[in-house]
Amino acid sequence: MMDNNPEECSVCFNNYDDTLLRPRTLPCGHTFCSQCIDNAIKNGQLNCPSCRAQHTATAATQFPINYGMEAFIRKLKGMEVVPVTMVPTKPNKAPTRGISKKLRSLVEEQKSSISSLITSCEEVLSQLGEYRGQLGDWKTQHLQLQDRLYALVEQNKSAMKLLELEDTSVVDMTTQGEEGKTQLQAMLGSLDTVNTAQEVFMTINEVDQCNMEVEDWLQKCQELFPDVKTVHTSVKVQETIREALEMTTTETGATADPVHLGDSDSSIMTKVKEITGEIPQKEITVEDLRRMREPVKSLVEAGRVVAVKRLVEAGRVVAVQEDQDGRRSARITLQDGQLYLHPLLRQSTPAHAHTIQESDVVGVLDPSCTLAFLDLGWAGSTRGRVTIRLTPDTPLARQFVLLCTGQRGHTFRNTKLLWVEYKGRPGEWVVGGDYESNDGEGGAPLLPDLQGQYRGSGQAGAVWSWWPLGGPKSAHFVIATRDRQDGRQWSCVFGHVVSGLDVVRAAVNHSNIQEVTVVDCGVVLPL
């Protein structure tokens, strides 16, 4: 049946507006006002008032606003309906004799220009209305996110209160335990000084009483600590907040140049999509990543480059790889104008992420030279990045790339540095790379044959292999931190540190080298 009043909600019969009664379209295609949708949601389910189709829903805001309907209503309000019977008939006027044909042509030209401008104004006004609707939607989403953030903060406060109560209880029990220990020590002294049978019996009675109190204290400690609820709540709240923070990207303090799309012929909402990184119909390709560092030829192309760059900066571009074990993804980041590919991990893909095949990204690596990186950290923080120039025409270098990118399922990420040789002396070097057992006993090769033509070096920064090629620890790597002074060279050199050698030296000087870990790793994309 045709709807004769499209500007009205068919449930409440109120006119749509741009506040509480905004028109929203359900997946089944029917449109109702936000208020009626909210009222119809019961226990997370919504039955369409028109076709009774069932939809999962918690709030009306999860359904898209019908911007076309809003634009139609605005246009409808601006039209003045005049009955046909009341339209006066105007007699045809003969052209004014005092105006020449040339002037009449000029008048008609001006009228046409004005009509064209009126049409353009109407189009832009419609776009502004749609844009305002989008702004209102974003404000609503911000408020919802704010409520969720407040809920996380409240959870954190509750967890801290539980920890404070537990800490107070521990302090009280510690005080009791110290008093009991002091009494026991006093009893030992008393037993050493007893001289009569009466003193012995009196002291033993005191000892028995003290022993009972201490044993009771020990039992209470076993029963009270740890409080399961406190520990479980603390751990779970920390995990929840960490995951939320890791998935949250902020551009506060960003130094990127502002985007100006004012000269574009695109509509307002098209430019909004360019800025927000919504790239319909066409997926991101290696060519898109390459254009981020190349001059562009057109405004349309510039808009797409800006969109891709913003997606990368927001952490919404990931390389993916499908294999028999499922899907893995790797972050692509942009730092100081350089693109970095991080290792493939079994991790959740960020919401609204754009994907690109890992094989396509790795395929752009220079076959004659590759830059890999290791981020070293200790004491709970990342201390710096070590960039290594490899020679991939050697098997050891190719294996190093595999372990930096995780293409074979294994990676250097979260591995420890193992030990230091010649510490503080010429020829000092440090070992790492046990991706298997992380204790120096693992690190099997990933390639069947590691033999090749390797160069030698005696300089600090050389990256080489210490174990026999093909042995059970052939994945270990060695980084030299001081030059040799004996005139000899290390063999099987497959790379050299080009930046970050100071980070490796700082790690070597750490009190316990095995507390130094490879926090992250990957390769530099030469795009």
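The structure presented is a predicted model; accordingly, all values stated were derived computationally and were not measured. (Residues numbered from 1 in each chain as written. Predicted model: local features only at pLDDT ≥ 70, side-chain atom pairs only at ≥ 80, totals over all residues. Heavy atoms only, no water.)

### A closer look at the overall build of the chain
Phase 1: Along the backbone of the chain there are eleven helices and 17 strands.
Phase 2: Expressed as a percentage of its 527 residues, the buried residues of the chain come to 35%.
Phase 3: Long-range contacts, defined here as pairs at least 24 residues apart, represent 63% of the contacts in the chain between residues at least 6 apart.
Phase 4: A total accessible area of about 32,500 Å² is found for the chain, and carbon and sulfur atoms account for 53% of it. (Helix = DSSP H or I, 4+ residues; strand = E, 2+ residues; numbered from the N terminus. Buried < 20%, exposed > 50% of the residue type's maximum accessible area, 1.4 Å probe, protein only. Contact = heavy atoms within 4.5 Å. Areas by Shrake-Rupley, 256 points an atom, 1.4 Å probe, with all protein chains shown as cover.)

### Digging into unusual backbone geometry
Phase 1: Here the residue pair Phe-225 and Pro-226 is connected by a cis peptide bond, since its omega of -10° sits within 30 degrees of zero.
Phase 2: Following the sequence through the fold, Pro-226 ends up in the loop between helix H4 (197-224) and helix H5 (228-246).
Phase 3: If you check the backbone angles, Asn-43 has positive phi at about 55° while not being a glycine.
Phase 4: Of note, Asn-43 is situated in the loop between helix H1 (34-40) and strand E3 (45-47).
Phase 5: One non-glycine residue with positive phi stands out, namely Ala-379, at about 55°.
Phase 6: When you line up the elements, Ala-379 lands in the loop between strand E9 (370-378) and strand E10 (381-390).

### Describing the packing of helix H2 (residues 67-77) against helix H3 (residues 101-193)
Phase 1: Running from N to C, H2 and H3 point in directions that differ by 130°, and their axes come no closer than 9 Å. By the angle class used here, H2 and H3 are oblique. Crossing angle aside, the handedness with which H2 passes H3 is right-handed. Where H2 approaches H3, its residues Tyr-67, Ala-71 and Arg-74 are matched on the opposing element by Ser-126, Gly-129, Glu-130, Gly-133, Gln-134 and Asp-137. (Axes fitted to C-alpha atoms, helices over the stretch in contact; angles between N-to-C directions. Parallel < 35°, antiparallel > 145°, perpendicular 65-115°, else oblique. Left-handed = near helix turned anticlockwise from the far one by under 90°.)

### What to know about a nonpolar patch on the surface
Phase 1: A cluster of nonpolar side chains, contributed by Ile-99, Leu-103 and Leu-106, occupies part of the molecular surface with about 240 Å² of accessible area.
Phase 2: On the secondary structure map, Leu-106 appears in helix H3.
Phase 3: Accessibility expressed as a relative area gives 42% for Leu-106, which makes it partly exposed. (Patch = residues over 30% accessible without salt bridge, like charges linked within 9 Å, V, L, I, M, F, W, Y side chains within 5 Å. Salt bridge = Lys/Arg side-chain N within 4 Å of Asp/Glu carboxyl O.)

### A short note on the layout of surface pockets
Phase 1: Its boundaries defined by the atoms lining it, the second largest pocket holds a volume of some 550 Å³.
Phase 2: As for the second largest pocket, its lining consists of 25 residues, of which Asp-17, Asp-18, Thr-19, Arg-22 and Glu-70 are closest to the centre.
Phase 3: With seven residues, H3 is the largest single contributor of residues to the lining of the second largest pocket. (1 Å grid on protein atoms, 1.4 Å probe; cavity = no way out; pocket = protein on both sides within 12 Å on 5 of 7 lines; lining within 4 Å. Points joined across faces, edges and corners; volume = space filled by probe spheres on them.)

### Overview of empty space enclosed by the protein
Phase 1: Taken as a whole and assessed by the stated rule, the structure comprises two cavities of 30 Å³ or more.
Phase 2: Here the largest cavity is characterised by a volume of approximately 40 Å³.
Phase 3: As for the largest cavity, its lining consists of Leu-396, Gln-399, Phe-400, Leu-403, Phe-412, Ser-474, Ala-475, His-476 and Phe-494.
Phase 4: Counting residues per element, the lining of the largest cavity draws most heavily on helix H10 (residues 395-405), at four residues.
Phase 5: Looking at side-chain class alone, the lining of the largest cavity contains six nonpolar, three polar and no charged residues. (Nonpolar A, V, L, I, M, F, W, Y, C, P; charged D, E, K, R; others polar.)

### Section: the pattern of salt bridges
Phase 1: For the structure shown, the criterion picks out 17 salt bridges.
Phase 2: The shortest N-O distance in the salt bridge between Lys-157 and Glu-154 comes to 3.8 Å. One end of the pair, Lys-157, and the other, Glu-154, are both in helix H3, three residues apart, so they sit about a helical turn from each other.
Phase 3: The class of Lys-157 is partly exposed, set by a relative accessible area of 46%.
Phase 4: A salt bridge links Arg-413 to Asp-520; the nearest nitrogen and oxygen atoms lie 4.0 Å apart. Of the two residues, Arg-413 is situated in the loop between H10 and strand E11 (417-421) and Asp-520 in strand E17 (residues 517-525); the sequence distance between them amounts to 107 residues.
Phase 5: For Arg-413, a relative accessible area of 32% puts it in the partly exposed group.
Phase 6: Taking relative accessible area as the criterion, Asp-520 reaches 8% and is therefore assigned buried.
Phase 7: Overlapping salt bridges bring together Glu-287, Arg-290 and Arg-291 as one network.

### A short note on the packing of aromatic side chains
Phase 1: Evaluated as defined, the whole model comprises ten aromatic pairs.
Phase 2: Here the aromatic rings of Trp-466 and Trp-467 are separated by 4.8 Å at their centres, their planes lie at 75°, and the arrangement is edge-to-face.
Phase 3: We note Arg-385 situated over the ring of Tyr-340; from NZ or CZ to the ring centre the distance is 4.6 Å.
Phase 4: Of note, Arg-385 hangs over the ring of Phe-373, and the distance from its end group to the ring centre comes to 4.1 Å. (Phe/Tyr/Trp six-rings, centres within 6.5 Å; stacked < 30°, edge-to-face > 60°. Lys NZ or Arg CZ within 6 Å of the ring centre and 35° of its normal.)

### Digging into the packing of H3 against H4
Helix-helix packing is described using two parameters, namely the angle between the two axes and the distance between the axes.
Phase 1: Put simply, H3 and H4 touch, their axes get as near as 10 Å, and they point 160° apart. Between H3 and H4, the crossing angle belongs to the class labelled roughly antiparallel. The handedness of the crossing between H3 and H4 is left-handed. Contacts from Glu-166, Met-173, Gln-176, Gly-177, Gly-180, Gln-183, Leu-184, Met-187, Ser-190, Leu-191 and Thr-193 of H3 reach H4 at Glu-199, Thr-203, Glu-206, Val-207, Cys-210, Asn-211, Glu-213, Val-214, Trp-217, Lys-220, Cys-221 and Leu-224.
Phase 2: Taken together, the residues of the contact of H3 with H4 break down into ten nonpolar, eight polar and five charged.

### Focus on the pairing of E10
Phase 1: Bridge analysis of E9 against E10 gives nine bridges, and the strand direction is antiparallel. Looking at E10, one finds that Asp-375 is bridged to Arg-385.
Phase 2: Connecting E9 to the next strand, E10, in antiparallel fashion are two residues, including Ala-379 with a positive phi near 55°. (Pairing = 2+ DSSP bridges.)

### Focus: the environment of Gly-452
Phase 1: In this structure, Gly-452 sits in the loop between strand E12 (429-432) and strand E13 (455-457).
Phase 2: Assessed through its relative accessible area of 38%, Gly-452 is described here as partly exposed.
Phase 3: Separated by 57 residues in sequence, Gly-452 and Pro-395 place their C-alpha atoms 6.7 Å apart.

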